Amino acid sequence: MTEHHYFAGLDLTGKRVVVVGAGTVAQRRVPRLINSGARVEVIAPEATPAVEAMADAGELTWHRRTYAAGDLTGAWYVVACATGSEVNAAVAAEAEENRIFCVRADDASRGTAVTPAVAQHGGLLLGVLAGGEHRRSAAVRDALVEALRTGVVDECSEPPAAGVALVGGGPGDPDLITVRGRQLLGRADVVITDRLAPRELLEELGPHVEVVDASKIPYGRAANQDVINSLLIEHAKAGKFVVRLKGGDPYLFGRGFEELLACVEAGVAVTAVPGITSAFAAPSAADVPVTHRGVAHEVVVVSGHVGPHDEQSLVDWPALGRLRGTIVLMMGVKRIAEFAAVLTEHGRDPKSPVAVVQEGTTRNQKTLRTTLGEVAEAIREADVKPPAVIVIGPVADLAPESRR
């Protein structure tokens, strides 16, 4: 029979909430109770490491014993999620006798309250109940959140204020943009985009959105940075909300901070939304961990847009040659022979494993595995083109044989 519930938001700030049980169910429910400001007390002889950590951090009180009658005195809300149904039944009975709303995790129909499928989005707290059909409520919740994230549903009563958001679009796969980035993209009046930004996301924009191509093609035609800065400022001062959509993270070799400084100097409101950098995401997609226990305790991300002997270079290449950990080289395809030579000159073994990941996380992803001494020739023979991430170090040789 369909369950019928009255939906209400509870103000639990400073109020005693009792959770009986400290297993995986409690681990899922307790954080939101803590975030609501409740004074959470957990009663259980044992707890998962996560619940124990919350107790150690002072976020909740853990009574390390079994439940006993009278434990609910003074409680405003109870969650019964012990391992045994008999314990949960006893907790629910005491709660009802004392007129305390109680959620029974093992049998929701026997409690006096139920937990909806919940999500948070931009200050909104969404909850969905489907009369006991838990998969349905979760599916509807996820669909609502996705609609809000992509801008299909605009939750804002007012249009966004004029200004600029520097949004990191992630390593290439459109699903890897952050929730916040996708939300702001859905509210943009103007989008100034790079070549490496997830281009599929542009199709989701409304017809009223102006898209400006500010592609920077390596060693080819490129938009002048001063022009990009001027466009950001010009559109924002015209009352538009501008999203500067970049590949990766705005502040990792993305010139994002230059754009922020220009906006601040011009009196334009600007915010930065971090993105997943391809320096780590592309290797991850190719089964290359940039760190691994017992193998690498350091990671250095290096720009290869100028050569190692160029007077403009700020990199201490001799120091890199002496390191034993991982070097992640960005924008290094064109000058890889120079980089490999200077690293080996200063101590790196020519047999050091190297992984080259071209267009990581996209359908065009290609992975090349070689050594430092042979990487330049291997890249030439494989016709590797930018964008590509080059990983140098023992971690580049750790992928399972079946997935190479």
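Summarised in this report is the structure supplied together with it.

Criteria and cut-off values
Residues numbered from 1 in each chain as written. Predicted model: local features only at pLDDT ≥ 70, side-chain atom pairs only at ≥ 80, totals over all residues. Heavy atoms only, no water. Helix = DSSP H or I, 4+ residues; strand = E, 2+ residues; numbered from the N terminus. Buried < 20%, exposed > 50% of the residue type's maximum accessible area, 1.4 Å probe, protein only. Contact = heavy atoms within 4.5 Å. Pairing = 2+ DSSP bridges. Axes fitted to C-alpha atoms, helices over the stretch in contact; angles between N-to-C directions. Parallel < 35°, antiparallel > 145°, perpendicular 65-115°, else oblique. Left-handed = near helix turned anticlockwise from the far one by under 90°. Phe/Tyr/Trp six-rings, centres within 6.5 Å; stacked < 30°, edge-to-face > 60°. Patch = residues over 30% accessible without salt bridge, like charges linked within 9 Å, V, L, I, M, F, W, Y side chains within 5 Å. Areas by Shrake-Rupley, 256 points an atom, 1.4 Å probe, with all protein chains shown as cover. Salt bridge = Lys/Arg side-chain N within 4 Å of Asp/Glu carboxyl O. Arc of directions from axis to C-beta.

1. A look at the side chain of Asp 194
Stage number 1. Mapped onto the elements of the fold, Asp 194 is located in the loop between β9 (190-193) and β10 (210-213).
Stage number 2. With a relative accessible area of 14%, Asp 194 lands in the buried category.
Stage number 3. Excluding residues that lie within four positions of it along the chain, Asp 194 makes contacts with Ala 214, Ser 215, Arg 244, Leu 245 and Lys 246.

2. Section: the sheet that holds strand β3 (residues 61-63)
Stage number 1. If you trace the five strands from one edge of the open sheet to the other, you get β3-β2-β1-β4-β5, paired in parallel fashion. Across the chains shown, the open sheet's two edge strands, defined by having one partner strand only, are β3 and β5 (101-104). Neighbouring strand axes in the sheet, compared pairwise and without regard to direction, differ in orientation by 20 degrees on average.
Stage number 2. Two strands pair when backbone bridges link them, and strand β2 (residues 39-43) and β3 are joined in this way by three bridges, in the parallel orientation. Its bridge partner being in β3, Val 42 is matched across the sheet by Trp 62.

3. Regarding the packing of helix α10 (residues 336-345) against helix α11 (residues 375-382)
Stage number 1. Their axes nearest at 8 Å, the elements α10 and α11 cross at an angle of 160 degrees. The angle between the axes of α10 and α11 places the two elements in the roughly antiparallel class. Handedness of the crossing formed by α10 with α11: right-handed. Contacts between α10 and α11 involve Ile 336, Ala 337 and Ala 340 from the former and Val 375, Ala 376 and Ile 379 from the latter.

4. Notes on the packing of aromatic side chains
The geometry of an aromatic ring pair is captured by the separation of the ring centres together with the interplanar angle, meaning the angle of the planes.
Stage number 1. Taken as a whole, this structure holds two aromatic pairs when the rule is applied.
Stage number 2. Centroid distance Trp 317 to Phe 339: 5.0 Å. Interplanar angle 20 degrees. Geometry classified as stacked. Residue Trp 317 is located in helix α9 (residues 317-322), and its partner Phe 339 is located in helix α10; the two are separated by 22 residues in the primary sequence. By the burial criterion, Trp 317 is buried, and Phe 339 matches it.

5. Some words on a nonpolar patch on the surface
Stage number 1. The grouping of Tyr 251, Phe 257 and Leu 261 at the surface amounts to a nonpolar patch, some 300 Å² of accessible area in total.
Stage number 2. The exposure class of Tyr 251 is partly exposed, given its relative accessible area of 40%.

6. Here's the deal with α11
Stage number 1. Taken residue by residue, α11 has Val 375, Ala 378 and Ile 379 as its buried positions. The arc enclosing the buried residues of α11, seen along the axis, measures out at 100 degrees, which places them on a common side. Counted as exposed and oriented over 90 degrees from the buried face of α11: Arg 380 and Glu 381.

7. Structural notes on unusual backbone geometry
Stage number 1. Cis geometry marks the peptide bond from Pro 386 to Pro 387, where omega comes out at 0 degrees.
Stage number 2. Within the secondary structure, Pro 387 is located in the loop between α11 and β17 (388-392).
Stage number 3. Of note in this structure, Arg 255 is not a glycine but carries a positive phi near 60 degrees.
Stage number 4. By secondary structure assignment, the location of Arg 255 is in the loop between β11 (241-246) and α7 (256-265).
Stage number 5. For Arg 255, a relative accessible area of 43% translates into the label partly exposed.
Stage number 6. Of note in this structure, Thr 361 is not a glycine but carries a positive phi near 75 degrees.
Stage number 7. In this fold, Thr 361 is placed in the loop between β15 (353-358) and β16 (366-371).
Stage number 8. Owing to a relative accessible area of 15%, Thr 361 belongs among the buried residues under this scheme.

8. Let's talk about helix α2 (residues 49-56)
Stage number 1. Turning to α2, its buried residues are Val 51, Met 54 and Ala 55. For α2, the buried positions fall inside an angular range of 100 degrees around the axis, keeping them on one side. Seen from the buried face of α2, the exposed residues on the opposite side, beyond 90 degrees, are Pro 49 and Asp 56.
Stage number 2. Close packing links the buried residues of α2 with α1 (24-35) and β3.
Stage number 3. Of the residues one or two after α2, Gly 58 is the one with positive phi, at around 80 degrees.

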